[in-house]
Amino acid sequence: MLDSSKFTGSWWLALLGLSMTCMLSFSPFEWSLAQDNQFPSYFKAQKKYDVDTALIISVDVSQSVAAERYALQMEGIARALEDPDVVGAIVSAPLGRILFMMIAWADSPKIVVPWTWIASPDDAIATANLVRNVPQQGGEFTCLARMLRIVNESVLPTMPKRARRVVLDVSSDGIDNCTPAPQVDEARDRLIGNGVMIN
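Since the structure is predicted, the reported quantities are computational estimates derived from the model, not experimental observations.

**Overview of the overall build of the chain**
Looking only at helices and strands, the chain has 6 helices and 5 strands in total. Taken from the N to the C terminus, the helices and strands of the chain come in the order α-β-α-α-β-β-α-α-β-α-β. Within the chain, the fraction of its 199 residues that count as buried is 47%. Summarising the internal contacts of the chain: among those between residues at least 6 apart in sequence, 78% fall at separations of at least 24.

Here it is, written out as structure tokens:
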């Protein structure tokens, strides 16, 4: 059984802090739906938005992440989504709604919670339950650059709503052991250059 007392520690506080930051503050980055198939036209600035934040949580599930640690992380994310202060921040923001997605990554990334609309306490609870029910994925390596490239090239263009800001939260249990460091930096810089805030 998972020891709930562990959620008084850093995982829970860090995730709650992250969520509050994402919901309460806004950057000047402006995102839009794809207008055509030519990158980076996905990111043309628009004056009209549909959501305050598009939040992508990316979770390292490589072999160094034991089952208990995985469960701890999933429960922490779920509890952050359900927290009344976080929900209040979502619904009281200028547009009162966000998009949420979760990616599990190791050798390769996999979308485990697709783009999900959160605009009410019920939406937040439903999304938290999706997170809790994500089975642990297999994977040997920590391929960070591969995940960043997939987010940039395949995930962001599928964003179904225009967002005032896009936040990618990355949890990792180690450095990239698939890709040389310069390529990791390049993948990160491309995302930042396209207006993504990376935590």
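Anyway, onward from the coordinates.
**What to know about the side chain of Asp 52**
Structurally, Asp 52 can be placed in strand β1 (residues 51–60). Buried within the structure, Asp 52 lacks any salt-bridge partner; its nearest side chain of opposite charge belongs to Arg 164, at an N-O separation of 4.5 Å. Among the polar contacts made by the side chain of Asp 52, one reaches the main-chain amide nitrogen of Gly 96 at a distance of 2.9 Å.

**Some words on the state of the cysteines**
Enumeration according to the criterion identifies 1 disulfide in this entry. Between Cys 143 and Cys 178 runs a disulfide, and the two sulfur atoms are separated by 1.9 Å. With the S-S bond torsion at -50°, the cross-link from Cys 143 to Cys 178 turns out left-handed. Of this pair, Cys 143 sits in the loop between α4 (121–132) and α5 (144–155) while Cys 178 sits in the loop between β4 (163–171) and α6 (181–193), placing them 35 residues apart in sequence.

**Side note on the sheet that holds strand β5 (residues 196–198)**
Taken in spatial order, the 5 strands of this open sheet run β3-β2-β1-β4-β5, and their pairing is mixed. Looking at the sheet topology across the chains shown, the edges are occupied by β3 (109–118) and β5. Between one strand axis and the next, the sheet turns by 15° as a mean value, whatever way the strands run. Of the strand pairs in this sheet, β1 and strand β2 (residues 98–105) are connected by 8 bridges, and their pairing is parallel. Counterpart to Ile 56 in the pairing with β2 is Met 101. Relative to the sheet, α4 contacts β2 and β3, its axis offset from that of β3 by approximately 170°.

**Comments concerning the nonpolar core**
Counting residues in each nonpolar core, the largest one holds 26 residues, and the members touching the most others are Ile 77, Phe 100, Met 102 and Val 131. Breaking this core down by element, the ones donating at least two residues are β1, α2 (67–82), α3 (84–92), β2, β3 and α4. The element that contributes the greatest number of residues to this core is α2, accounting for 5 residues. Of all hydrophobic cores here, the second largest spans 23 residues; its members include Ile 103, Leu 148, Met 159 and Leu 191.

**Description of the environment of Asn 199**
Within the secondary structure, Asn 199 sits in the segment after β5. The exposure class of Asn 199 is partly exposed, given its relative accessible area of 37%. Spatially, the C-alpha atoms of Asn 199 and Leu 168 are 6.2 Å apart, while their sequence positions differ by 31 residues.

**Here's the deal with the environment of Gln 63**
Along the chain, Gln 63 falls in the loop between β1 and α2. When its relative accessible area of 58% is taken as the criterion, Gln 63 is described as exposed. Note: C-alpha distance between Gln 63 and Phe 141 (78 residues apart in sequence) is 7.1 Å. Setting aside its immediate chain neighbours within four residues, Gln 63 contacts Gly 139 and Glu 140.

**Focus on the pattern of salt bridges**
Taken as a whole and assessed by the stated rule, the structure comprises 7 salt bridges. In this structure, Arg 162 and Asp 50 form a salt bridge, with 3.5 Å as the shortest nitrogen-oxygen distance. With a gap of 112 residues between them, Arg 162 in the loop between α5 and β4 and Asp 50 in the loop between α1 (10–24) and β1 connect regions that are remote in the sequence. There is no split in this pair, since Arg 162 and Asp 50 are both buried. We note a salt bridge from Glu 82 to Arg 132, for which the minimum N-O separation is 2.8 Å. Of this pair, Glu 82 sits in helix α2 while Arg 132 sits in helix α4; the two residues are 50 residues apart in sequence, bridging distant segments of the chain. With a relative accessible area of 29%, Glu 82 lands in the partly exposed category.

Definitions and limits used
Residues numbered from 1 in each chain as written. Predicted model: local features only at pLDDT ≥ 70, side-chain atom pairs only at ≥ 80, totals over all residues. Heavy atoms only, no water. Helix = DSSP H or I, 4+ residues; strand = E, 2+ residues; numbered from the N terminus. Buried < 20%, exposed > 50% of the residue type's maximum accessible area, 1.4 Å probe, protein only. Contact = heavy atoms within 4.5 Å. Lys, Arg positive; Asp, Glu negative; His and termini not counted. Salt bridge = Lys/Arg side-chain N within 4 Å of Asp/Glu carboxyl O. Polar contact = N/O pair within 3.5 Å; in protein donor to acceptor, adjacent residues only side chain to side chain. Disulfide = S-S within 2.5 Å. Pairing = 2+ DSSP bridges. Axes fitted to C-alpha atoms, helices over the stretch in contact; angles between N-to-C directions. Core = buried A, V, L, I, M, F, W, Y, C linked by side-chain atoms within 4.5 Å.

Without other data, these values stay purely geometric and don't point to any function.
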